[in-house]
Amino acid sequence: MATMKEIADLSGVSRGTVDRVLNHRGSVRPETAKRVMEIAGQLNYQPNKAGLILAAQKKNLKIGIILFQDTNPFFREVLEGVEAKAKELAGYNCQVSIRQVPFDESCQLEAMDSLFAEHIHGLVISPYNAPCIAEKINQFAELGIPVITTNTDIPSRRMAYVGSNYYLSGQTAAGLLGRMSFGETKVGILTGSSHILCHTERIAGFQDIIRRRYPHISITGILENHDDDKESYQQVKMLFTRRPDTNALYFTAAGVYGGCQAVLSLGLSGKIKIFTYDNVETTAELVRNGVITATICQQPFVQGYRPLELLSRYLLEGAVPEQEFYYTDIDIRIRENI
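Owing to the predicted nature of the structure, the values given are computational and were not obtained by experimental measurement.

Enquirer: So what's going on with the packing of aromatic side chains? Which residues, and what values?
Expert: Under the criterion given, the structure shown has 10 aromatic pairs. Ring geometry for Phe68 and Phe103: centres 4.6 Å apart, planes at 80 degrees, overall edge-to-face. Of this pair, Phe68 sits in strand β1 (residues 62-68) while Phe103 sits in the loop between β2 (95-101) and α6 (105-117), and the two are 35 residues apart along the sequence. With a centroid separation of 6.0 Å and 55 degrees between ring planes, the pair formed by Tyr250 and Tyr277 is classed as tilted.

Here it is, written out as structure tokens:
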């Protein structure tokens, strides 16, 4: 196994310089850092795990996690990813403190203040899209508490984002509808909240594509259901009462089960195209039964696991995330492959 001394000898620098480069500590000239990293890669250098664990145990780190409530089954899978990584980090004496909150900026601010009072060293958050949340994230960054956003993003001084490219996933949904519909198509949009950036980005991407490529598609309404099945049921029924010419539905978030139950109660199953997101069991069953035309998945486990992995590596090893955006795969499921 390669050592820092061997890397230093081949790079023509001191062992201290190699240590600073590999552990992202201090200032090193870019050309020197590049040469050290190239040689470390050629030698397949691996850090001393025993030393890393010992150093980590002395730090006694705590990372805060803020997710939306798992009344949306999607977030149960995100939480599974968080818990899997938290279990790994327990051996490094790194504690993970989790909060789950509704779509409400005051609740999210309260959770952030609560975790700050616990003296967290870093934060992973699915942010409510409001200026006060962005400002709070910026305050954390100024205080040396790095933040990584997951599932949905917000313009701020956060370190990185892990989740779907929501604009692209909205464009994908529009492309599916455009290719699977013929003649005049009128689509109703059911969204979670106009204050969640991923929901609004999905709508924006969808509108962009139908405007540019599918003139036979128009939107009959955009309704919020706050990821609630009961509210979604009522909103879909109201939509068809007001606009009975609607022949397609696009769900940008949760509330899919409730909305589809309204479709079934109206005897419209099989008569309209329905496009959704995620592969939670209730949605998968509706796809298998032919109620939902297609659903677009976004790796919820990864959205829980990877941000905690990135943040813990930064706090434990000084490894800065290599990129700003870590996009999950866009995975289209239909009855034949779900």
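Enquirer: Kindly report on the pairing of β2, identifying the contributing residues and their values.
Expert: For β1 and β2, the ladder comprises 7 bridges, and the chain directions are parallel. By the bridge assignment for β2, Leu67 is matched with Gln100. Of the crossover connections in this fold, the one passing from β1 over helix α5 (residues 73-89) to the parallel β2 is right-handed.

Enquirer: Any details on the layout of surface pockets? Residues and values, ideally.
Expert: The space that makes up the second largest pocket amounts to roughly 250 Å³. Around the second largest pocket, the lining comprises 17 residues; the ones closest to its centre are Asn72, Pro73, Asp229, Ala254 and Gly255. Among the secondary structure elements, those contributing two or more residues to the lining of the second largest pocket are α11 (256-265) and α12 (281-288). In terms of residues, the lining of the second largest pocket owes the most to one element, α12, which gives 3 residues. Grouping the constituent residues of the lining of the second largest pocket by class yields 7 nonpolar, 5 polar and 5 charged.

Enquirer: Describe the pattern of salt bridges, listing the residues and the values that go with them.
Expert: Scanning the model with the defined rule gives 16 salt bridges in all. In this structure, the salt-bridge partner of Asp245 is Arg243, at a minimum N-O distance of 2.9 Å.

Enquirer: Can you tell me about unusual backbone geometry, naming the residues and giving the values?
Expert: Its identity as a non-glycine residue notwithstanding, His119 has a phi of 65 degrees, on the positive side. For His119, the location among the structural elements is in the loop between α6 and β3 (122-125). The backbone phi angle of Asp227 is positive, close to 60 degrees, even though this residue is not glycine. For Asp227, the position within the fold is in the loop between β7 (217-224) and α10 (229-242).

Enquirer: Explain the sheet that holds strand β4 (residues 147-150) to me, using residue names and the numbers behind them.
Expert: Pairing is parallel across the open sheet formed by 6 strands, whose spatial order is β2-β1-β3-β4-β5-β11. The sheet is open, and its two borders are formed by β2 and β11 (325-327), each paired with just one other strand. Taken over all neighbouring pairs, the strand axes of this sheet differ in orientation by 15 degrees on average, direction set aside. Of the strand pairs in this sheet, β1 and β3 are connected by 4 bridges, and their pairing is parallel. Across the sheet, the residue bridging to Gly64 is Leu123, located in β3.

Enquirer: Can you tell me about the environment of Ile189, naming the residues and giving the values?
Expert: Positionally, Ile189 belongs in strand β6 (residues 185-191). Beyond its immediate sequence surroundings of up to four residues, Ile189 is in contact with Ile203, Phe206, Ile219, Gly221, Ile222, Leu223, Tyr250 and Thr252.

Enquirer: Describe empty space enclosed by the protein, listing the residues and the values that go with them.
Expert: According to the stated counting rule, one finds 1 cavity of 30 Å³ or more in the structure shown. Roughly 110 Å³ of internal volume is contained in the largest cavity. For the lining of the largest cavity, the elements supplying multiple residues, two or more each, are α5 and α9 (197-213). Of the residues forming the lining of the largest cavity, the biggest block, 3 residues, is contributed by α9.

Enquirer: Which residues make up helix α13 (residues 300-317), and what values go with them?
Expert: Over its 18 residues, α13 extends 26 Å from the first C-alpha to the last, a length consistent with the 26 Å expected when each residue adds 1.5 Å. Among the residues making up α13, those that are buried are Pro300, Gln303, Gly304, Tyr305, Pro307, Leu308, Leu310, Leu311, Ser312, Leu315, Leu316 and Glu317.

Enquirer: Can you break down α6 residue by residue, with the values?
Expert: Here α6 spans 18 Å end to end across 13 residues, near enough to the 18 Å set by a 1.5 Å rise per residue. Regarding α6, the residues found buried are Gln108, Ala111, Met112 and Leu115. Down the axis of α6, the smallest arc covering the buried residues is 100 degrees, so these residues share one side. Among the exposed residues of α6, those oriented more than 90 degrees off its buried face are Glu110 and Ala117. Packed against the buried residues of α6 are β1, β2, β3 and α7 (131-142). Once α6 ends, the next one or two residues include His119, with phi positive near 65 degrees.

Cut-offs applied
Residues numbered from 1 in each chain as written. Predicted model: local features only at pLDDT ≥ 70, side-chain atom pairs only at ≥ 80, totals over all residues. Heavy atoms only, no water. Phe/Tyr/Trp six-rings, centres within 6.5 Å; stacked < 30°, edge-to-face > 60°. Helix = DSSP H or I, 4+ residues; strand = E, 2+ residues; numbered from the N terminus. Pairing = 2+ DSSP bridges. Right-handed = clockwise from strand over helix to strand, strands pointing away. 1 Å grid on protein atoms, 1.4 Å probe; cavity = no way out; pocket = protein on both sides within 12 Å on 5 of 7 lines; lining within 4 Å. Points joined across faces, edges and corners; volume = space filled by probe spheres on them. Nonpolar A, V, L, I, M, F, W, Y, C, P; charged D, E, K, R; others polar. Salt bridge = Lys/Arg side-chain N within 4 Å of Asp/Glu carboxyl O. Axes fitted to C-alpha atoms, helices over the stretch in contact; angles between N-to-C directions. Contact = heavy atoms within 4.5 Å. Expected span 1.5 Å × (residues − 1). Buried < 20%, exposed > 50% of the residue type's maximum accessible area, 1.4 Å probe, protein only. Arc of directions from axis to C-beta.

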